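# Inside the fold
Residues per chain are reported as follows:
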Amino acid sequence: MRHTEQREEALLRLLRLGGQQSVAELSSSLGVGTATLRRDLRRLSGEGRVLRTYGGAILPDTVLA
């Protein structure tokens, strides 16, 4: 598994455990810069795996209609 894929899986685990989190929280937890984290979120959002929020992200299945 590539490093990017490992980081994205770790990001998804953090969101599953902690719910909505900010870019700053996620980047700190993963030990990467905010620009790297935002690229990961953009890619995962494009795949429908996360929903971007103002300043952060949440998993799609945690959003209540």
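For the structure given in this document, a descriptive report is provided here. (Residues numbered from 1 in each chain as written. Predicted model: local features only at pLDDT ≥ 70, side-chain atom pairs only at ≥ 80, totals over all residues. Heavy atoms only, no water.)

## Remarks on the nonpolar core
Stated formally: Only buried Ala, Val, Leu, Ile, Met, Phe, Trp, Tyr and Cys residues count toward a nonpolar core, and they belong to the same one when joined by side-chain atoms within 4.5 Å. Each residue is placed in one exposure class: buried if its accessible area under a 1.4 Å probe, protein chains only, is under 20% of its type's maximum, exposed if it is over 50%, and partly exposed if it falls in between. Only runs of H or I of at least four residues qualify as helices and only runs of E of at least two qualify as strands under DSSP, and these elements are numbered from the N terminus. For this analysis, residues touch if any pair of their heavy atoms sits within 4.5 Å.
Core analysis: the largest hydrophobic core is formed by eleven residues, namely L11, L12, L15, V23, L26, L37, L41, L44, V50, A57 and L59. Elements represented by at least two residues in this core include exactly α1 (3-18), α2 (23-30) and α3 (34-46). Sequence-distant contacts of L12, defined by excluding residues within four places in its chain, comprise L44, R49, V50 and L59.

## Notes on the environment of E9
The test is simple: Two N or O atoms count as a polar contact when they lie within 3.5 Å, although within protein this holds only if one can serve as hydrogen donor and the other as acceptor, and sequence-adjacent residues are included solely when both atoms are side-chain atoms.
Along the chain, E9 turns up in helix α1. Looking at E9, its side chain comes within polar contact range of the side chain of R49, at 2.8 Å.

## Comments concerning α1
Threshold: What a helix is expected to span follows from its residue count: subtract one and scale by 1.5 Å.
In a regular helix each residue adds 1.5 Å, so 16 residues correspond to 22 Å; α1 covers 22 Å between its end C-alpha atoms and thus fits that length. In the core, the buried residues of α1 are packed alongside β1 (21-22), α2, α3 and β3 (56-58). At the C-terminal side of α1, G19 shows a positive phi close to 70°.

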